[in-house]
Amino acid sequence: MIPGIWFVPFFPFDLDGDGVDEIWFVNNIDDDHPLSIRGRRLERLDVLTGQMIHQYPWPASPSDQSNSHRFRNFILGGHVKGRPVLVTAQGTYGPMELQGWNTGMSKRWEYKIAGGSAGARGSHMCPVVDIDNDGSDEILWGERCISLDTGRELFCADRESYRGHSDVIAPILDRKTNRWYFHTCRESGGFKPRVATFDDQGQRVWSDLDRGHMDMGWAARLGPLGEHVSMAIRIGAKSAGPKGFFRESVEEFTYESLTGKKVKLDFSVFCTLPVDLNGDGLHELVRDVAEGNGEVIDRTRRVIGNIGGSVAMVSKFMDHPGEKILCYYPDGMIRIWADKNAKDSETAKWRYGHPFYKANRHLTATGYNMVNLGGL
């Protein structure tokens, strides 16, 4: 296997409903051909033993595209009226295909999006959210909202005016109305606008910026009463290689999430990710060392500490108050950081128990194909 999230996505998910996750990933059984399409398999592992339970053919992506675009594999999952549904998907920038699977791996639905067709392309993150609050999840595949039950689009925001690719799709819950919104930061294509927030019907609520490559973004509870603030980063160029990942000509933009009113923060949000370490229902920010300095700050800019490593995930994944930060280091060390004095508020407990948090908590991180939970 060629290592990398687009070649070998991993996903823990309980499809058989026995209360214990299985591990799902894309394998290649053709040892002599790392880029073999025919050798790709969806593999299911027993989480307790690591033993392979079953292999299934992995759907082949259309061949009329570059290898960089063809090897874009996704595994995700959610629930329809309490029943688990696994989703496999291929593609991001051109033709895209999604498949829904029931318990027992019978195919529930299949959805194909032709290359060059109307509407947005995919994103590097695929939030699973019950956007219409009917008890069944939907997938935000870029600006497209797809039913996990039927595989059909509920809507595609800006279908006629936008055919590009968004780096960021961040769901935001307005607790006062119990309505979902989603914040997008658009990378590709010369389309306007570059930053936009939509409601749960796919209607644009506000937008900003007519040009540029938007490369990062999140929503976090940074207001004095826990109000959401949205962030977007515009860059001039970026490069990746053995020496690391570098962005140039970085510009930062921050807004009131539900109104689009510009907000001035007293600190840089570049390379940050929201995390509620102390469990008070408001967010701190951890700055990844990829292009940052590893510091952890609160919303007043007070420095809490320094993780000194790269962030792999933040969420509530251990039995200790507050959210955690999972980090990795150049020497192969893995560390988990927590606030030893954390106490979970009622707001935090509500958040951890919310279906959106449960559905996406395995995937919260700064990296591509991850979901930010700060909008809950």
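Since we're looking at a predicted model, the values are computed, not measured.

A word on the overall build of the protein chain. Helices and strands together make up the secondary structure of the protein chain, namely 3 helices and 28 strands. Rg of the C-alpha trace for the protein chain: 20 Å, near the compact-globule value of 21 Å for 376 residues, within the 12% margin. Across its three principal axes, the protein chain shows a C-alpha extent of roughly 55 × 50 × 45 Å. Within the protein chain, the fraction of its 376 residues that count as buried is 55%. Sequence-distant contacts in the protein chain: of pairs separated by 6 or more residues, those separated by 24 or more amount to 45%. For the protein chain, the accessible area works out to roughly 16400 Å², and carbon and sulfur atoms hold 51% of it. Here the protein chain carries 45 positive and 50 negative side-chain charges, and the mean point of each set is 3 Å from the other.

In this section: a nonpolar patch on the surface. Where nonpolar side chains cluster on the molecular surface, the patch consists of Val-20, Val-47 and Leu-48 and spans about 270 Å² of accessible area. Among the structural elements, Leu-48 can be located in the loop between β3 (40-46) and β4 (52-57). The exposed category is assigned to Leu-48, whose relative accessible area is 71%.

So, about the pattern of salt bridges. Any two side chains of opposite charge can pair, on the condition that their charged atoms come close. Under the defined criterion, the tally for this structure stands at 21 salt bridges. Among the ionic pairs, Arg-204 bridges to Asp-158, the shortest N-O distance being 3.0 Å. One end of the pair, Arg-204, is in strand β16 (residues 204-208); the other, Asp-158, is in the loop between β12 (153-156) and β13 (166-174), and 46 residues separate them in sequence. With a shortest N-O distance of 2.4 Å, Arg-247 and Asp-215 are connected by a salt bridge. Here Arg-247 is found in strand β20 (residues 244-248), whereas its partner Asp-215 is found in strand β17 (residues 213-221), with 32 residues between them in sequence. According to the relative accessible area criterion, Arg-247 is buried, its value standing at 17%. For Asp-215, a relative accessible area of 4% puts it in the buried group. Through salt bridges with shared partners, a single network forms among Glu-143, Asp-158, Arg-186 and Arg-204.

Taken together, 4 strands build an open sheet; the order of strands is β22-β23-β24-β25 and the sheet is antiparallel. The sheet terminates laterally at β22 (272-275) and β25 (303-306), the two strands that pair on one side only. Adjacent strand axes in the sheet meet at a mean angle of 25° when their direction is disregarded. Across 4 bridges, β22 lies against strand β23 (residues 284-287) in antiparallel orientation. Bridged to Leu-273 within β23 is Val-286.

This part is about the sheet that holds strand β6 (residues 83-90). Strands sit in the order β5-β6-β7-β8 across an open sheet of 4 strands; the sheet is antiparallel. A single partner strand is all that each edge strand has here, and the edge strands are β5 (73-80) and β8 (107-113). Ignoring strand direction, the axes of neighbouring strands in this sheet form an average angle of 20°. When β6 meets strand β7 (residues 96-101), the two strands line up antiparallel, connected through 5 bridges. Counterpart to Thr-88 in the pairing with β7 is Gln-99.

Time to look at unusual backbone geometry. Here the residue pair Lys-192 and Pro-193 is connected by a cis peptide bond, since its omega of -10° sits within 30 degrees of zero. Residue placement: Pro-193 occurs in the loop between β14 (179-186) and β15 (195-198). Of note in this structure, Met-105 is not a glycine but carries a positive phi near 65°. Within the secondary structure, Met-105 sits in the loop between β7 and β8.

Turning to the nonpolar core, a few remarks are in order. Ile-131, Leu-140, Trp-180, Phe-182, Val-195, Met-214 and Phe-356 are the most contacted members of the largest nonpolar core, which totals 30 residues. Residues contacting Leu-140, with those up to four places away along its chain left out, are Met-125, Cys-126, Pro-127, Val-129, Ile-131, Cys-145, Ile-169, Pro-171 and Phe-182. Ranked by size, the runner-up nonpolar core spans 19 residues in total, among them Leu-76, Tyr-111, Ile-146 and Leu-148.

A word on the environment of Tyr-328. Structurally, the position occupied by Tyr-328 is in strand β27 (residues 324-328). For Tyr-328, a relative accessible area of 45% corresponds to the partly exposed category. When the C-alpha atoms of Tyr-328 and His-33 are compared, they prove to be 30 Å apart, with 295 residues separating the residues in sequence. With residues near it in sequence (within four places) discarded, Tyr-328 still touches Gly-309, Ser-310, Val-311, Ala-312 and Met-333.

Here is what the cut-offs are and how they apply
Counting from 1, residues in each chain are numbered in the order their sequence is written. Totals for whole chains, interfaces and linings use all residues, but because this is a predicted model, local features are given only for residues with pLDDT of at least 70 and pairs of side-chain atoms are given and counted only at 80 or more. Side-chain metrics rest on all non-hydrogen atoms present in the structure, leaving aside hydrogens and water. Helical segments are the DSSP runs of H or I of at least four residues, strand segments are the runs of E of at least two, and each set is numbered from the N terminus. Radius of gyration: over C-alpha atoms. The globule rule applied is 2.2 Å multiplied by the number of residues raised to the 0.38 power. Each residue is placed in one exposure class: buried if its accessible area under a 1.4 Å probe, protein chains only, is under 20% of its type's maximum, exposed if it is over 50%, and partly exposed if it falls in between. Two residues form a contact once any of their heavy atoms are found within 4.5 Å. Each accessible area is a Shrake-Rupley estimate made with a 1.4 Å probe; only the visible protein chains count as cover when residues are assessed. Counting rule for charge: Lys and Arg are taken as positive, Asp and Glu as negative, and neither His nor the chain ends is counted. Charge placement uses NZ in Lys and CZ in Arg. For Asp and Glu, CG and CD serve respectively. Patches in this entry comprise residues that are over 30% relatively accessible and not in a salt bridge; like charges within 9 Å are linked, as are nonpolar side chains (Val, Leu, Ile, Met, Phe, Trp, Tyr) within 5 Å. The working definition used for a salt bridge is a side-chain nitrogen of Lys or Arg within 4 Å of a carboxyl oxygen of Asp or Glu. DSSP-based pairing: two strands are paired if at least 2 bridges between them are found. Here the axes come from fitting lines to C-alpha atoms, over the contacting stretch only for helices, and the angles between their N-to-C directions go from 0 to 180 degrees. Nonpolar cores are built from buried Ala, Val, Leu, Ile, Met, Phe, Trp, Tyr and Cys residues. Side-chain atoms within 4.5 Å join them into one set.

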